Amino acid sequence: MSVYNRDVFQRGFGTFPLRGDMLADAVRNALEIGYRAFDTAQWYGNEAELGSVLAESAVPRDGLLITTKVHPENMDAEDFLPSVERSLRDLDVDIIDVLLLHWPPGDDPVEPSLELLQEAHRLGYARHVGVSNYTTAMMRTALSVMDIPIAVNQVEFHPLINQEKLLAASAETGIPLSSYCSIARGEIFKYPRLAEIGQRQGKTAAQVALRWILQKGVTMNTMSTRVENMRANFEIMDFELSTEEMRQIESLTVANHRISNADVVPYAPTWD
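Note that the coordinates shown come from a computational prediction; the quantities given were computed from them, not determined experimentally.

(A) Expanded view of the layout of surface pockets. There is about 680 Å³ of room inside the largest pocket. What lines the largest pocket is a set of 27 residues, and nearest its centre among them are Phe16, Tyr44, Tyr180, Cys181 and Arg185. Taken together, the residues of the lining of the largest pocket sort by class into 12 nonpolar, 12 polar and 3 charged. What the second largest pocket holds in volume is close to 240 Å³. For the lining of the second largest pocket, the elements supplying multiple residues, two or more each, are β5 (126-132) and β6 (150-156). For the lining of the second largest pocket, the leading source of residues is β5, giving 3 residues.

Next up, the structure:
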């Protein structure tokens, strides 16, 4: 079972690209709404700011799930562990709940960074470890390399992209999936079918899209600075999509609207 599968952790709050007062206000509001899982990364440059806000919170540390990710440029033997030590200091924690490899290491083999990730776990830097943006082949390699459970593969996942191959690899390897860009950065609002289903359910198009993700067996991260949207993104546990509604949403994946491609992120692999 995924560490994210506790109801309160299934709906994580992402922090990219928030900084400064905007981040502090958003995280405080998220805590008040009920979010307890928070996602950051070395790349985001906001670990220290997130750590400061969470440390000031009345929520006890053991009630939070903090995920951070190692930058691809820190995945060599010289930089990996020192970068994780900086993350620990910046987040102001004794241990990172979930430590991920943010992207595959370019054209280099994935095995060395996976071994370094395992070493970080052995040293007590992280309770759980996982990967992000791994292809199906990389998931299988990770399973063969790692001697400890792989908590997650965090990937782009929303109704406008077909990730059935990754879902199949997740079932095969036992590596759970978690989503980012869960509403495709607003692109879903161009598709009336989601709003139509939402009208029947008394929910918004975004809530329908997020519920679809959960019912696919995938946990999620969402980000907003608007309190009403943050609350709506969290309040998706009180309804269920029918088999027919799931099928109708599934048909939207032919749009093939991928956000994280090589034009945007130089580390992006050749996707399945």
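Still to come is the rest of the account.
(B) Layout of empty space enclosed by the protein. What the rule picks out here adds up to 3 cavities of 30 Å³ or more. Looking at the largest cavity, its volume works out to about 50 Å³. Residue lining of the largest cavity: Tyr4, Phe9, Gly12, Ala37, Phe38, Asp39, Leu65, Thr67, Gln154, Ser178, Met220 and Asn221, and that is the complete set. At the level of elements, β2 (37-39), β3 (65-70) and β8 (219-222) are the ones that each hand at least two residues to the lining of the largest cavity. Top contributing element to the lining of the largest cavity by residue count: β2, with 3 residues. When its residues are assigned to classes, the lining of the largest cavity shows 6 nonpolar, 5 polar and 1 charged.

The rules behind these values
Residue positions are counted from 1 within each chain, in the order its sequence is given. Where local features are concerned, this predicted model is filtered to residues with pLDDT of at least 70; where side-chain atom pairs are given and counted, the filter is 80 or more; whole-chain, interface and lining totals use all residues. Side-chain measures were taken over the full set of non-hydrogen atoms in the model, leaving aside hydrogen atoms and water. Buried and open spaces are told apart on a 1 Å grid over the protein atoms alone, a cavity being a set of points where a 1.4 Å probe fits but cannot get out and a pocket being an open set with protein on both sides within 12 Å along at least five of seven lines. Residues with an atom within 4 Å of a point are the lining residues. Grid points are joined across faces, edges and corners, and a volume is the space filled by probe spheres set on the points. Classification used: nonpolar for Ala, Val, Leu, Ile, Met, Phe, Trp, Tyr, Cys and Pro, charged for Asp, Glu, Lys and Arg, polar for all others including Gly. Under the DSSP-based scheme used, a helix requires at least four consecutive residues in state H or I and a strand at least two consecutive residues in state E, with every element numbered from the N terminus.

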